[in-house]
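# Breakdown of the fold
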Amino acid sequence: MPAGAGVEEGRQKAQACVACHGPDGNSQAPAFPSIAGQPRQFIEMSLIMFREGRRINEVMKPIVDKMSNADVRDLAQYFAGQTMAPPARKPDAEVAARGREITEKNNCVQCHGPRLTGQQHIPRLAGQHKEYLLAQLKGFKAAKRADFDGTMTSAAQALSADQLDLVADYLSTLSPP
Ligand code: HEC
Ligand code: HEC
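Residues numbered from 1 in each chain as written. Chains lettered and ligands numbered in written order. Predicted model: local features only at pLDDT ≥ 70, side-chain atom pairs only at ≥ 80, totals over all residues. Heavy atoms only, no water.

## What about the coordination of the iron atom of ligand 2?
Formally: The donor definition counts N, O and S atoms within 2.8 Å of each metal and applies 3.2 Å to Na, K and Ca; water is not among these atoms, so some sites may look incomplete. Site shape is set this way: if four donors have all angles between 85 and 135 degrees, tetrahedral; if opposite donors are over 155 degrees apart and all others between 65 and 115, square planar for four donors and octahedral for six; otherwise irregular. Secondary structure elements are taken from DSSP: a helix is a run of H or I of four residues or more, a strand is a run of E of two residues or more, and numbering for both begins at the N terminus.
Within the protein, the atoms that donate to the iron atom of ligand 2 are His112 (NE2) and Met152 (SD), at distances of 2.0 to 2.1 Å. What the six donor atoms of the iron atom of ligand 2 show is an angle range of 86 to 180° at the metal, which sorts the shape as octahedral. Here the residue His112 occupies a position in helix 7 (residues 108-112), and Met152 occupies one in helix 9 (residues 151-157), the gap between them amounting to 40 residues.

Shown next as structure tokens:
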């Protein structure tokens, strides 16, 4: 299959995602994650985890139920190729300094990348909605959001509720490179 062959199929299949994730994967609603520019492998893994019921979400469940592996590949390729919109808010200097310190001290950058833009099966955090990030971090800390290999459930344990809020705020204001 030539490179990019799935993109047109992905664009058509992505019509089913527009209502929540936005026309190009940049969602307007803070409860819905933006998926534009996420690593292809992370999108594939997420869809498969929803489909297998390992990551439990009532909204995504009916959407992935009948998805074939080819659908998963096409959709992941399409959204990974979209450009993430710039963050809606500017960073506050103090929040930015404290948020950066937390991500460095807790090794978030080791996995999510020096600019927190994700890699392979690890998601981009930079520029994601604060509400969404905070909900996921609380979910990991409470062991309610199952994760691929358990590393996030343990990474979230080290942070207090205040630190989770601070880090989610900071991450949401980071611009894409
Ligand atoms: C009715 C709204 C809705 C529709 C339609 C929808 N999604 Fe979602 N999606 C969500 C919600 C809500 C979440 C967050 C779930 C959670 O909190 O775990 C999500 C999460 C995701 C995630 C995980 C993102 C992350 O950063 O963890 C991916 C990938 C995804 N959706 C892809 C898709 C694709 C591809 C489609 C279209 C085939 C689609 N979604 C259609 C609501 C929707
Ligand atoms: C050892 C590697 C590793 C470390 C360290 C790590 N993460 Fe993660 N993180 C992951 C992986 C892998 C996922 C995807 C989990 C999944 O969906 O199964 C993830 C997912 C997330 C998500 C969910 C995003 C989304 O779009 O759904 C957030 C938020 C997050 N990490 C924040 C952090 C923060 C903040 C830190 C530092 C305190 C951190 N991570 C440290 C590997 C790591």
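## Overview of the nonpolar core
The line we're drawing: Residues grouped as a nonpolar core are buried Ala, Val, Leu, Ile, Met, Phe, Trp, Tyr and Cys residues, joined through side-chain atoms within 4.5 Å. Each residue's exposure class comes from its accessible area (1.4 Å probe, protein chains only) as a fraction of the maximum for that residue type: buried when under 20%, exposed when over 50%, partly exposed otherwise.
In terms of nonpolar packing, the biggest core is built from 19 residues, with Leu116, Val167, Tyr170, Leu171 and Leu174 touching the most fellow members. Where this core is concerned, the elements lending two or more residues are helix 6 (93-105), helix 7, helix 8 (130-141) and helix 10 (161-172). Ranked by the residues each element gives to this core, the list is headed by helix 10, at six residues. Residues Cys17, Phe50, Met67 and Val72 belong to the second largest nonpolar core, which totals 14 residues.

## Comments concerning the site of ligand 1
Threshold: Proximity criterion: a residue is near a molecule or strand once any of its heavy atoms comes within 4 Å of it. Whenever a nitrogen or oxygen atom comes within 3.5 Å of another N or O atom, the pair is scored as a polar contact, on the condition that within protein one atom can donate a hydrogen and the other can accept it, and that pairs from neighbouring residues in sequence are kept only if both atoms are in side chains. Basically, the charged four are Asp, Glu, Lys and Arg, the nonpolar ten are Ala, Val, Leu, Ile, Met, Phe, Trp, Tyr, Cys and Pro, and anything else, Gly included, counts as polar.
Around ligand 1, the surrounding shell holds 22 residues, and the nearest of these are Cys17, Cys20, His21, Met60 and Tyr132. Here an oxygen atom of ligand 1 and a side-chain polar atom of Arg55 are 2.9 Å apart. Those elements giving two or more residues to the shell around ligand 1 turn out to be helix 2 (18-21), helix 3 (40-51), helix 5 (69-80) and helix 8. Here the shell around ligand 1 gets five residues from one element, more than from any other, and that element is helix 3. A breakdown of the residues in the shell around ligand 1 according to their chemical character gives 17 nonpolar, four polar and one charged.

## Observations concerning the site of ligand 2
Selection criterion: Domain extents, as shown, originate in an automatic or database domain assignment.
Every one of the 23 residues lining ligand 2 counts as a neighbour, but Cys108, Cys111, His112, Arg145 and Met152 are closest to it. One of the side-chain N or O atoms of His112 is found 2.8 Å from a nitrogen atom in ligand 2. Between ligand 2 and the protein, one listed contact pairs an oxygen atom with a backbone N or O atom of Phe148 at 2.7 Å. Secondary structure elements with two or more residues in the shell around ligand 2: helix 3, helix 7, helix 8 and helix 9. Sort the elements by how many residues they give to the shell around ligand 2 and helix 8 lands first, with four residues. When its residues are assigned to classes, the shell around ligand 2 shows 16 nonpolar, five polar and two charged. Taken together, domain 1 (5-80) and domain 2 (93-172) each give at least three residues to the shell around ligand 2, which thus spans both.

## Considering the coordination of the iron atom of ligand 1
Surrounding the iron atom of ligand 1 are the protein donor atoms His21 (NE2) and Met60 (SD), which sit 2.0 to 2.2 Å from the metal. Around the iron atom of ligand 1, the six donor atoms are arranged such that angles at the metal cover 86 to 178°; this shape is classified as octahedral. One end of the pair, His21, is in helix 2; the other, Met60, is in the loop between helix 3 and helix 4 (61-64), with 39 residues separating them in the sequence. Judged by relative accessible area, Met60 falls into the buried class, the value being 15%.

## Quick word on the domain arrangement of the chain
To be explicit about the condition: Any two residues whose heavy atoms approach within 4.5 Å are treated as being in contact. The term buried area denotes the loss of accessible surface (1.4 Å probe radius) that occurs when two parts are joined, taken as the sum for both partners.
As assigned here, the chain comprises domain 1 (5-80) and domain 2 (93-172). Computed from C-alpha coordinates alone, the two centres of domain 1 and domain 2 are separated by 21 Å. Contact residues are listed per partner, giving 18 residues for domain 1 and 17 residues for domain 2. Carbon and sulfur atoms supply 51% of the area that domain 1 and domain 2 bury against each other, a total of about 1,400 Å² over both sides. Where domain 1 touches domain 2, the interface holds eight residue pairs in polar contact (both at pLDDT 80 or more). Grouping the constituent residues of the side of domain 1 that touches domain 2 by class yields 10 nonpolar, six polar and two charged.

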